[in-house]
Protein chains: 2
Amino acid sequence: MTITLKDIAKISGVSAATVSRVLSDDPRISGATREKVLARIRESGYRVNDIARSLKTRRTNTIGFIAPLLAEEFFMTVAQGVEDELRAQGFHMLIASSKEDPRIECECIELMTRRWVDGLILIPCAGDGSRLARLAKSRVPLVLVDRLLKGFRADAVVVDNAQGTRRAVARLMERGITRVGFIGASRKISTARDRYRGYVQAHRDHGIALDPAIVKFGDFHQESGYGLMRELAAMKRPAGGVFIANHYMYLGAAQYLLESGNIYRHDYAIINFDEMSATPVIRLAKLTVSQPSREIGAGAARMILGRVRGERTGPPETLTLGTGLVAHDDAYSLNSMINKPGA
Amino acid sequence: MTITLKDIAKISGVSAATVSRVLSDDPRISGATREKVLARIRESGYRVNDIARSLKTRRTNTIGFIAPLLAEEFFMTVAQGVEDELRAQGFHMLIASSKEDPRIECECIELMTRRWVDGLILIPCAGDGSRLARLAKSRVPLVLVDRLLKGFRADAVVVDNAQGTRRAVARLMERGITRVGFIGASRKISTARDRYRGYVQAHRDHGIALDPAIVKFGDFHQESGYGLMRELAAMKRPAGGVFIANHYMYLGAAQYLLESGNIYRHDYAIINFDEMSATPVIRLAKLTVSQPSREIGAGAARMILGRVRGERTGPPETLTLGTGLVAHDDAYSLNSMINKPGA
DNA sequence: CTGTTAGCGCATTCAA
DNA sequence: TTGAATGCGCTAACAG
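Residues numbered from 1 in each chain as written. Chains lettered and ligands numbered in written order. Predicted model: local features only at pLDDT ≥ 70, side-chain atom pairs only at ≥ 80, totals over all residues. Heavy atoms only, no water.

Draft legend 1. Fine view of unusual backbone geometry. Even without a glycine there, the phi angle at A:Asn61 is positive, about 55°. With respect to the helices and strands, A:Asn61 occurs in the loop between helix 4 (50–57) and strand 1 (62–67). Positive phi outside glycine occurs at B:Glu100, with the angle close to 60°. On the secondary structure map, B:Glu100 appears in the loop between strand 2 (92–97) and helix 6 (102–114). Residue B:Glu100 is classed as partly exposed on the basis of its relative accessible area, which comes to 25%. (Helix = DSSP H or I, 4+ residues; strand = E, 2+ residues; numbered from the N terminus. Buried < 20%, exposed > 50% of the residue type's maximum accessible area, 1.4 Å probe, protein only.)

See below:
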């Protein structure tokens, strides 16, 4: 027995339309009736039924957000940025994870679309954009975040992964470390591809030949980083440095170095990508490429709302944010570890 | 101009009611018409409008999930557990974060309720349950997760925080470490309170007097752990061990110990609460109390669905899961650090 | 400034 | 087994 707008109309002695107008702050309503109606609303504990409203207006004030996983700090920091911005603008957020599986991703999109989300923010999984063709043809605005899709133009918010990587690797080279290993992920993912590209560019910039033997591709997860670091460490001619393409691979690599005791034997100059809450505690990396993850999310939210509100029309735009580069002079190293304990 | 159920009825030469029945797998529909209608649906690319359906059925197949923050691994691992279970059962998840602010929390609840969520899973912020009185009186099922609220009975999924802490601290005491410091959070949060209780119990169990000077309360965040660890380290008579009440405080404490170089001077026997992805890499703790975070989420999802479907009625139930205790024999320590580099 | 009218797209009585 | 009629709660013309 929920109380409806019509009930309010009745007990206020006005029409339903008037109540509706009060609810939506229609300017051409007299102060008197507005007060009266608001009073009845307050007394009665009436609450709008957003579903009914949506059926009529064809807008749900809801944005869908789909990420490969929920329990990853980068994705969820982006999500937090999105949510903050959306809530500030009166929007809801429907969330789902694709498990890096295009089929699940499609299913999520389908379900959210059925629920009439006003727009969709997507951190896509690997592959090209063909699976999104139908969505693109529908009228539902879409913003791609973090990763781009081959052969698919859409609004997007990304960082300059190639440039961030290139600069970091170059920095190492300028310090005289020319043999730098690479621990990355499948190039079916644009960020993985671009980070690899930046790594290659740095070599070209410095006229250094790239040794394929120390270039390893895995899958952005901890186990992968662990395994690839082990491979790298097993080489007869070890690398002087290593670029590790994301936070979880860095965790895995670090775990290997610590568990194996390798860290006490060889002083790798490590570059890691992503500055997360645990980064200051790991302290194995000399250089960290950071991303403004929260801003990425906020930017995506603003972008989608621009479309939803019709403030922005026309061809897709891409917002490219820059990366940061943080040097850790306090990183562990063979030398510092030998020296410090004496202190 | 989206195509509707009525359109399908027309092109199929049947009534809207029939199409509706086909859509909901009504058993008393002839195989022939069912096939025919399904064919038209497929050809036309028709898709149900869930909003209209919800207005009619008063169910949205959507569960709201509210956590203090999105970008924290524990909360999001719970969220992942919830989402997996919900999606398997055909439900959506609306998500929001309260920022540990009861006012924002209330606002989120209000907004989700207006959108007719079928149920609400809440990791509440500090305080008592009075703010939820209205929600409790409404017909919307609620499941509390992780934290309980004083003076408020509701379905809940928690772990035995006191027991987990008690056992871990006891373990340290049995190894002869009797002076154990405490780094915890505000006792306005039930988990913080219970972990403190477990710490106190361990002392009582072993007949050890508790020294208030080494018991510190902060706020579950990194900065707090950092600051409290510094206070502890500054004591003239240092503790032999420290219990640190959650992952982020542990990160902060670890950061302090490393930055200050204190770790090279004093070998704290550390217990930390929560096993997260970075835990194996930090390696400062000798003992870790783990929680089945994903299972907590899955359990909460099952619990709320039981209510939503009316399979479960009657008084609130509490599902209490156990904690794990992991020993890290490979943890750093002053001795290991001095010895290893020689290798 | 306010009321009347007419649906939004679907599920569900009640008849047939 | 199927159809016709009705309304969920709200907004948006169009009048007045």
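Draft legend 2. Looking closely at the protein's contact with DNA strand C. If you check the shell around DNA strand C, you find 26 residues, and the closest are A:Thr18, A:Arg21, B:Leu5, B:Tyr46 and B:Arg53. Protein-proximal atoms of DNA strand C, defined as those within 4 Å of the protein, fall in sugar or phosphate at a share of 64%. Separating a phosphate oxygen of DNA strand C from a side-chain N or O atom of A:Thr33 is a distance of 2.9 Å. B:Asn49 places a polar main-chain atom, nitrogen or oxygen, 3.1 Å from a phosphate oxygen of DNA strand C. (Near = heavy atom within 4 Å. Polar contact = N/O pair within 3.5 Å; in protein donor to acceptor, adjacent residues only side chain to side chain.)

Draft legend 3. Quick peek at the sheet that holds strand 8 (residues 241–244) of chain A. Residue and element names in this part refer to chain A. Strand order in the open sheet formed by six strands is 7-6-8-9-10-12, with mixed pairing between adjacent strands. Edge positions in the sheet fall to strand 7 (215–218) and strand 12 (324–327), since each has one partner strand and no second. Strand-to-strand twist of the sheet, defined as the mean angle between neighbouring strand axes without regard to direction, takes the value 15°. Here four bridges tie strand 6 (residues 180–185) to strand 8, and the two strands are oriented parallel to one another. Looking across to strand 8, one finds that Phe-182 is bridged to Phe-243. Helix 9 (residues 190–205) rests against strand 6, strand 7, strand 8 and strand 9 (269–273) of the sheet, and its axis sits at about 165° to strand 6. (Pairing = 2+ DSSP bridges. Axes fitted to C-alpha atoms, helices over the stretch in contact; angles between N-to-C directions. Contact = heavy atoms within 4.5 Å.)

Draft legend 4. How the structure looks around helix 8 (residues 161–174) of chain A. Residues and elements named next belong to chain A. Compared with an ideal rise of 1.5 Å per residue, which puts 14 residues at 20 Å, helix 8 spans 20 Å between its outermost C-alpha atoms and is within 8% of the ideal. Listing the buried residues of helix 8 in full gives Asn-161, Ala-162, Gly-164, Thr-165, Ala-168, Val-169, Ala-170, Leu-172 and Met-173. Phi turns positive one or two residues past the end of helix 8, at Gly-176, with a value near 95°. (Expected span 1.5 Å × (residues − 1).)

Draft legend 5. Representation of the packing of aromatic side chains in the model. All names here are of chain A. Scanning the entire structure with this criterion turns up 18 aromatic pairs over all chains. With 6.4 Å between their ring centres and 80° between their planes, Phe-243 and Phe-273 make a pair best called edge-to-face. Residue Phe-243 is found in strand 8, and its partner Phe-273 is found in strand 9; the two are separated by 30 residues along the sequence. The exposure class of Phe-243 is buried, given its relative accessible area of 0%. Among the aromatic residues, those joined into a ring-pair cluster are Phe-182, Tyr-196, Tyr-199, Phe-217, Phe-243 and Phe-273. (Phe/Tyr/Trp six-rings, centres within 6.5 Å; stacked < 30°, edge-to-face > 60°.)

Draft legend 6. Local environment of the relation of the copies chain B and chain A. Overlaying chain B with chain A gives an RMSD of 0.2 Å, the required rotation being 180° about an axis along which the chain moves by 0.1 Å. Expressed as an axis order, the relation between the two copies is that of a two-fold axis. Taking the C-alpha atom as reference, chain B places B:Leu94 closest to the rotation axis, 2.2 Å from it. (Least-squares fit on C-alpha atoms with pLDDT ≥ 70 in both.)

Draft legend 7. Spotlight on the sheet that holds strand 6 (residues 180–185) of chain B. All names here are of chain B. As summarised here, the arrangement of the six strands in space is 7-6-8-9-10-12, forming an open sheet in which the pairing is mixed. The open sheet terminates on both sides in strands that have one partner only, identified here as strand 7 (215–218) and strand 12 (324–327). For this sheet the average axis-to-axis angle between neighbouring strands, irrespective of direction, equals 15°. Helix-sheet contacts for helix 8 (residues 161–174) involve strand 6, strand 8 (241–244), strand 9 (269–273), strand 10 (285–290) and strand 12, and the interaxial angle to strand 9 is about 165°.

Draft legend 8. Just the packing of helix 4 of chain A against helix 4 (residues 50–57) of chain B, in detail. With their axes 9 Å apart at the nearest point, helix 4 of chain A and helix 4 of chain B run at an angle of 140° to one another. Between helix 4 of chain A and helix 4 of chain B, the angle falls in the class oblique. Judged by the sense of rotation from one axis to the other, the crossing of helix 4 of chain A with helix 4 of chain B is left-handed. The segment helix 4 of chain A lies against helix 4 of chain B, with A:Ile51, A:Ala52, A:Ser54 and A:Leu55 engaging B:Ile51, B:Ala52, B:Ser54 and B:Leu55. Within the contact of helix 4 of chain A with helix 4 of chain B, the residues separate by chemical class into six nonpolar, two polar and no charged. (Parallel < 35°, antiparallel > 145°, perpendicular 65-115°, else oblique. Left-handed = near helix turned anticlockwise from the far one by under 90°. Nonpolar A, V, L, I, M, F, W, Y, C, P; charged D, E, K, R; others polar.)

Draft legend 9. Up close: the interface of chain B and chain A. Contacts between chain B and chain A engage 61 residues on the former and 61 residues on the latter. Roughly 5,900 Å² is buried in total at the junction of chain B and chain A, and carbon and sulfur atoms are behind 58% of that figure. When the buried surface of chain B facing chain A is broken down by residue, B:Arg47, B:Arg115 and B:Tyr264 rank first, second and third, together holding 12% of it. Inspection of the region where chain B meets chain A yields ten salt bridges. Between chain B and chain A we count 26 residue pairs in polar contact (both at pLDDT 80 or more) in total. Only helix 4, helix 5 (73–88), strand 2, helix 6, helix 11 (247–260), helix 12 (279–282) and helix 14 (334–339) of chain B provide two or more residues apiece to the side of chain B that touches chain A. (Buried area = accessible area lost by both parts, 1.4 Å probe. Salt bridge = Lys/Arg side-chain N within 4 Å of Asp/Glu carboxyl O.)

Draft legend 10. Seen up close, the pattern of salt bridges. If you walk through the whole model with that rule in mind, you get 46 salt bridges over all chains. A:Glu43 is the partner of A:Arg40 in a salt bridge, and the nearest nitrogen-oxygen pair spans 2.7 Å. Of this pair, A:Arg40 and A:Glu43 both sit in helix 3 (residues 31–44), three residues apart, which is roughly one turn of that helix. For A:Arg40, a relative accessible area of 23% translates into the label partly exposed. A salt bridge links B:Arg134 to B:Glu110; its shortest N-O distance comes to 3.1 Å. Remark: B:Glu110 occurs in helix 6 and B:Arg134 occurs in helix 7 (residues 133–137); sequence separation between them is 24 residues. Judged by relative accessible area, which is 24%, B:Glu110 ranks as partly exposed. Residues joined in a network through salt bridges with shared partners are A:Asp155, A:Arg307, A:Arg312 and A:Glu317.

Draft legend 11. Highlighting the protein's contact with DNA strand D. What surrounds DNA strand D is a group of 26 residues, the closest being A:Leu5, A:Tyr46, A:Arg53, B:Thr18 and B:Arg21. Within 4 Å of the protein, the atoms of DNA strand D are drawn from sugar and phosphate moieties in a proportion of 65%. In the model, a phosphate oxygen of DNA strand D is placed 2.3 Å from a nitrogen or oxygen of the A:Leu5 main chain. In the model, a phosphate oxygen of DNA strand D is placed 3.2 Å from a nitrogen or oxygen of the A:Asn49 main chain. Ranked by residues supplied to the surface near DNA strand D, first place goes to helix 4 of chain A with four residues. Looking at the surface near DNA strand D residue by residue, the class counts come to nine nonpolar, ten polar and seven charged.

Draft legend 12. Representation of the domain arrangement of chain A within the structure. Domain annotation of chain A identifies domain 1 (5–48), domain 2 (62–158 + 293–321) and domain 3 (161–292). Taken over C-alpha atoms, the centre of domain 1 of chain A sits 37 Å from the centre of domain 2 of chain A. (Domains from an automatic or database assignment.)

Draft legend 13. Spotlight on the pairing of strand 7 of chain A. Residues and elements named next belong to chain A. Bridge analysis of strand 6 against strand 7 gives four bridges, and the strand direction is parallel. Residue Ala-185 lies in a different strand from strand 7, and its bridge partner there is Gly-218. For the crossover that starts at strand 6, traverses helix 9 and ends in the parallel strand 7, the hand is right-handed. (Right-handed = clockwise from strand over helix to strand, strands pointing away.)

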